[in-house]
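The primary structure of each chain is shown beneath.
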Number of protein chains: 2
Amino acid sequence: MSLSQIRYFVAVAEEGHVGRASRRLRVAQPAVSRQIRALEDELGGPLFERTPRGMALLPSGRVFLGHASAILAAVDRAVAATRAGREPPA
Amino acid sequence: MSLSQIRYFVAVAEEGHVGRASRRLRVAQPAVSRQIRALEDELGGPLFERTPRGMALLPSGRVFLGHASAILAAVDRAVAATRAGREPPA
DNA sequence: TGAGGTTACGCCTATCGTAATAATG
DNA sequence: CATTATTACGATAGGCGTAACCTCA
């Protein structure tokens, strides 16, 4: 599992669409599709249902989405706090 | 920034020693040393003080350590919760 | 047959390990 | 000089993009 995979997952979950997610991420479709698949493999089963309209979150996907968003937010906080601690407020 | 870098950082911070951290991580020393350096570069400055005895956390390193541990814990929770949601408790 | 997702394949960058090189008490 | 971290360098693996393919209404 990588932070990229988590970011790709959140984008697909929010867009409900690999194509739109890949444009938002500025990455080609197959890259997103592959990473989602790898994530699903690692988590032991599908997170999305593939429909002719796009990707619909399954229950396990909804569970993961909450955690995934929290992880990305925690990373942002970690970076901001560490940088801020180094540059004392003027 | 990657989850590996965060794991390497936590190991070095806890061991105070790249060598011990690398053994604990089952990875060669230079790999750990390089990733720590890359992390420091990304965060805009050093996280450790290099001493002849090992690596001592700087204040910004202490700040980052708290966040780093939280991120790794959140990842573990994400995996566990998603897997558990798929395999209903017997 | 059109919209979407996936697989195949080749390239390219990142990461690793071994070995050599500092730096420091 | 012993201990620790870092740099060099060659090899390997992972990730990406283009192009081809599959699936389903």
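Report follows, based on the coordinates. (Residues numbered from 1 in each chain as written. Chains lettered and ligands numbered in written order. Predicted model: local features only at pLDDT ≥ 70, side-chain atom pairs only at ≥ 80, totals over all residues. Heavy atoms only, no water.)

1. Some points on the overall build of chain A
Inference 1: A tally of helices and strands in chain A yields four helices and two strands.
Inference 2: Going from N to C terminus, chain A has its helices and strands arranged as α-α-α-β-β-α.
Inference 3: Projected onto its principal axes, the C-alpha positions of chain A cover 55 × 25 × 20 Å.
Inference 4: Taking as baseline every contact in chain A between residues at least 6 positions apart, the subset at least 24 positions apart corresponds to 48%.
Inference 5: Once the 13 positive and 8 negative side-chain charges of chain A are each reduced to a mean point, those two points are 5 Å apart. (Helix = DSSP H or I, 4+ residues; strand = E, 2+ residues; numbered from the N terminus. Contact = heavy atoms within 4.5 Å. Lys, Arg positive; Asp, Glu negative; His and termini not counted. Charge placed at Lys NZ, Arg CZ, Asp CG, Glu CD.)

2. What to know about helix α4 (residues 59-86) of chain B
Inference 1: Over its 28 residues, α4(B) runs 42 Å from end to end, which matches the ideal 40 Å to within 8%, given 1.5 Å per residue.
Inference 2: Within α4(B), the full set of buried residues consists of S60(B), G61(B), F64(B), L65(B), A68(B), I71(B), L72(B), A74(B), V75(B), A78(B), V79(B) and T82(B).
Inference 3: Looking at the buried side of α4(B), the elements it contacts are α3 (29-43) and α4 (59-86) of chain A together with α1 (3-15), α3 (29-43) and β2 (54-57) of chain B. (Expected span 1.5 Å × (residues − 1). Buried < 20%, exposed > 50% of the residue type's maximum accessible area, 1.4 Å probe, protein only.)

3. Quick notes on the protein's contact with DNA strand D
Inference 1: Around DNA strand D there are 19 residues in total, and Y8(A), R34(A), V18(B), S33(B) and R50(B) lie nearest to it.
Inference 2: Take R34(A): an N or O atom from its side chain is 2.6 Å from a base oxygen of DNA strand D.
Inference 3: Counting residues per element, the ones that place at least two in the surface near DNA strand D are α3 of chain A together with α2 (18-25), α3 and β2 of chain B.
Inference 4: Here the surface near DNA strand D gets five residues from one element, more than from any other, and that element is α3(B).
Inference 5: For the surface near DNA strand D, the class distribution of residues is nine nonpolar, six polar and four charged. (Near = heavy atom within 4 Å. Polar contact = N/O pair within 3.5 Å; in protein donor to acceptor, adjacent residues only side chain to side chain. Nonpolar A, V, L, I, M, F, W, Y, C, P; charged D, E, K, R; others polar.)

4. Some thoughts on unusual backbone geometry
Inference 1: The backbone of R26(A) shows a phi angle near 60 degrees, a positive value even though the residue is not glycine.
Inference 2: Relative to the helices and strands, R26(A) resides in the loop between α2 (18-25) and α3.

5. Re the pairing of strand β2 (residues 54-57) of chain A
Put simply, side chains in a regular strand alternate between the two faces of the sheet.
Residue and element names in this part refer to chain A.
Inference 1: In this structure, strand β1 (residues 48-51) lies alongside β2, joined through four bridges in antiparallel fashion. For R50, the partnering residue across the bridge sits in β2 and is M55.
Inference 2: Hairpin connection between β1 and β2: a loop of two residues separates the two successive antiparallel strands. (Pairing = 2+ DSSP bridges.)

6. Considerations on the relation of the copies chain A and chain B
Inference 1: Each copy of the sequence occupies a distinct position, and chain A is placed on chain B by a rotation of 180 degrees and an axial shift of 0.0 Å, giving an RMSD of 0.1 Å. Both chain copies can therefore be described as sitting about a two-fold axis.
Inference 2: Here 100% of the contact residues of chain A are again contact residues in chain B; the copies associate through an equivalent surface. (Least-squares fit on C-alpha atoms with pLDDT ≥ 70 in both.)

7. Considerations on the interface of chain A and chain B
Inference 1: The interface is formed by 23 residues belonging to chain A together with 23 residues belonging to chain B.
Inference 2: A combined buried area of about 2000 Å² lies between chain A and chain B, and 68% of that area is made up of carbon and sulfur atoms.
Inference 3: Contact with chain B buries area across many residues of chain A, yet L43(A), T82(A) and R86(A) alone supply 27% of it, more than any other trio.
Inference 4: In this assembly, chain A and chain B are joined by zero salt bridges.
Inference 5: Contributing elements (two or more residues each) for the side of chain A that touches chain B: α3 and α4 of chain A.
Inference 6: Considering each element in turn, the side of chain A that touches chain B owes the most residues, 14 residues, to α4(A).
Inference 7: Across the side of chain A that touches chain B, the residue classes tally to 13 nonpolar, six polar and four charged. (Buried area = accessible area lost by both parts, 1.4 Å probe. Salt bridge = Lys/Arg side-chain N within 4 Å of Asp/Glu carboxyl O.)

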